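Remarks on the overall topology
One-letter residues, chain by chain:
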Amino acid sequence: MKAPIRITVTGAAGQIGYSLLFRIANGDMLGDDQPIILQLLDLPQAQQVLRGVMMELEDCAFPLLQQVIISDDPKIAFKDAEIAMLVGARPRSKGMERKDLLEANGVIFSVQGRILNEVAARHVKVLVVGNPANTNALIAMKNAPDLDPRNFSAMMRLDHNRAIAQVAQHLFQPVRDVKRMIVWGNHSGTQYPDLNHAQIRGIPVRDLLPDQNWAENEFIPTVQKRGTMVIEARGLSSAASAANAAVAHMHDWVLGAHHNNWVTMSVPSDGSYDIPEGVIYGFPVRCNQGRYQIVQNLAISELGRRHMQDSYRELLEEREHVKHLL
Ligand SMILES: NC(=O)c1ccc[n+]([C@@H]2O[C@H](COP(=O)([O-])OP(=O)(O)OC[C@H]3O[C@@H](n4cnc5c(N)ncnc54)[C@H](O)[C@@H]3O)[C@@H](O)[C@H]2O)c1
Ligand SMILES: O=C(O)C[C@H](O)C(=O)O
């Protein structure tokens, strides 16, 4: 029997939390042989709801779930955490851009970064979901100087999955066969979903497209705007698909992606693809034994480069806006 892993989930009483916790407790994230302890954080006014969520977790009698701790104190919730899923933050509503949330949400991540630095396990893996996710992850990372920056990531997996689904649907192909998708940049309208390296059973997706203009005219804008379309349809931002992406992100980071595939993670830039250090940026990565490596030497078109630099510049603007928190 393995030792249990402590997993912190913030915003655990919220929408994403309600879809996420049961998947984690069922073993979907860390495997069906890995016992877990859930440490759930939410605001004082959400504690009653959180107690209800805890009761439901208990009522599932998940064999892997050893303990559930609920708290409104981040020092308790992050204590010895080996995995931290930072979901707790305000979502945008109709008509807002994700970066409009920086004012309201940025400070949450400076506080939580400091507390992670103080009380979490030194090898904690951090995934920031709360928007604007890339810049919030940068804030958390900068406030945790004793932790390895490579332990911090932001979620682009939902965009990655959306891109795969669009290609699979367009070409009437099974989702599982679409490999080597990438979504570069920021989790925002400037992201660059790139199918130029994607393959279906080894055949380049580009060679399968009946209309070469589809990528630029339909695929890219559809993926870029998908979050907005969900908000317009549901009146609430995506939750189950976000939780699913968070589970997949952490699963692949810890246990490796299936079938030698690569996945998109937003991670600290290291100069790869002319994206200078100093932002958290969506890159294609391979994961192995709990570590990720940015996939290198991919050819990027002129148009692709422009998209990638636009998204980089937007991240610089966001960083400038929160420089007092870094
Ligand atoms: N990166 C992505 O792909 C992606 C996808 C979907 C949603 N999101 C973002 O995730 C965040 C959460 O979305 P949601 O739909 O679950 O929102 P929600 O409003 O339903 O839940 C958020 C929860 O966070 C809690 N919270 C707020 N501040 C907190 C703090 N300081 N500490 C702990 N908990 C706190 C709230 O009380 C609430 O329970 C939003 O910012 C949303 O925009 C990101
Ligand atoms: O769009 C949003 O605000 C929520 C989330 O980031 C998404 O992509 O669905």
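Here the structure is a predicted model, which is why all the values come from computation and not from measurement.

About the criteria used
Residues numbered from 1 in each chain as written. Chains lettered and ligands numbered in written order. Predicted model: local features only at pLDDT ≥ 70, side-chain atom pairs only at ≥ 80, totals over all residues. Heavy atoms only, no water. Core = buried A, V, L, I, M, F, W, Y, C linked by side-chain atoms within 4.5 Å. Buried < 20%, exposed > 50% of the residue type's maximum accessible area, 1.4 Å probe, protein only. Contact = heavy atoms within 4.5 Å. Near = heavy atom within 4 Å. Polar contact = N/O pair within 3.5 Å; in protein donor to acceptor, adjacent residues only side chain to side chain. Areas by Shrake-Rupley, 256 points an atom, 1.4 Å probe, with all protein chains shown as cover. Helix = DSSP H or I, 4+ residues; strand = E, 2+ residues; numbered from the N terminus. UniProt positions renumbered as here; feature names shortened; annotations may be inferred. Phe/Tyr/Trp six-rings, centres within 6.5 Å; stacked < 30°, edge-to-face > 60°. Expected span 1.5 Å × (residues − 1). Arc of directions from axis to C-beta. Axes fitted to C-alpha atoms, helices over the stretch in contact; angles between N-to-C directions. Parallel < 35°, antiparallel > 145°, perpendicular 65-115°, else oblique. Left-handed = near helix turned anticlockwise from the far one by under 90°. Nonpolar A, V, L, I, M, F, W, Y, C, P; charged D, E, K, R; others polar.

The biggest cluster of nonpolar side chains holds 79 residues, and the ones touching the most others in it are Ile7, Leu57 and Met85. Filtering out sequence-adjacent residues up to four positions away, Met85 remains in contact with Ile7, Thr8, Val9, Thr10, Leu20, Ile24, Met29, Leu127, Ala246 and Met250.

Turning next to the site of ligand 1. Close to ligand 1 lie 25 residues, the nearest being Gln15, Asp42, Arg90, Val129 and Asn131. Within the contact set of ligand 1, an oxygen atom lies 3.4 Å away from a backbone nitrogen or oxygen of Gly14. The backbone of Gln15 places a nitrogen or oxygen atom 2.9 Å from an oxygen atom of ligand 1. Against a free-state accessible area of 870 Å², the protein chains account for coverage of 87% of ligand 1. Among the elements of the structure, helix H1 (15–25) and helix H4 (102–119) are those that each provide at least two residues to the shell around ligand 1.

Glancing now at the site of ligand 2. Residues in contact with ligand 2, as listed here, are Arg92, Arg98, Asn131, Leu158, Arg162, His187, Gly227, Ile231, Ser237 and Ser238. Note that an oxygen atom of ligand 2 is positioned 2.8 Å from one of the side-chain N or O atoms of Arg98. Here Arg162 contributes a side-chain N or O atom positioned 2.7 Å from an oxygen atom of ligand 2. Breaking the shell around ligand 2 down by element, the ones donating at least two residues are helix H6 (157–171) and helix H9 (226–234).

On the UniProt side, "active site" (unreviewed entry) is annotated at positions that read His187 here. When you line up the elements, His187 lands in the loop between strand E8 (182–184) and strand E9 (192–194). Of the residues examined, His187 reaches a relative accessible area of 8% and is grouped as buried. Here Arg98 takes part through its side chain, which lies 3.2 Å from a polar atom of the side chain of His187.

A word on the packing of aromatic side chains. Summed over all chains, the structure comprises six aromatic pairs. When the centroid spacing of 4.8 Å and the interplanar angle of 65 degrees are considered together, the rings of Trp184 and Tyr273 count as edge-to-face. Of the two residues, Trp184 is situated in strand E8 and Tyr273 in the loop between strand E12 (263–268) and strand E13 (280–288); the sequence distance between them amounts to 89 residues. By the burial criterion, Trp184 is buried, and Tyr273 matches it. Note on Tyr281 and Phe283: the rings are 5.1 Å apart at their centroids and 45 degrees apart in plane angle, and the pair reads as tilted. Of the residues examined, Tyr281 reaches a relative accessible area of 0% and is grouped as buried. The class of Phe283 is buried, set by a relative accessible area of 0%.

Taking 1.5 Å of rise per residue, 13 residues should cover 18 Å, and helix H2 (residues 47–59) covers 18 Å from first to last C-alpha, within 8% of that figure. Among all positions of H2, only Gln47, Leu50, Val53, Met54 and Leu57 are buried. Projected down its long axis, H2 shows its buried positions confined to an angular sector of 110 degrees, all on one face. Away from its buried face by more than 90 degrees, H2 exposes Gln48 and Asp59. The inward-facing, buried residues of H2 abut H1, strand E2 (36–41) and strand E3 (65–71). With its phi angle positive at about 50 degrees, Ala61 sits one or two positions after the end of H2.

What follows deals with the packing of H1 against helix H10 (residues 240–255). Where H1 contacts H10, the two axes come as close as 8 Å, and the packing angle between them is 40 degrees. Taken together, the axes of H1 and H10 are oblique relative to one another. Note that H1 runs across H10; the crossing there is right-handed. Across the interface between the two elements, Ile16, Ser19, Leu20, Arg23 and Ile24 from H1 touch Ala240, Ala242, Ala243, Asn244, Ala246 and Val247 from H10. Taken together, the residues that form the contact of H1 with H10 break down as eight nonpolar, two polar and one charged.

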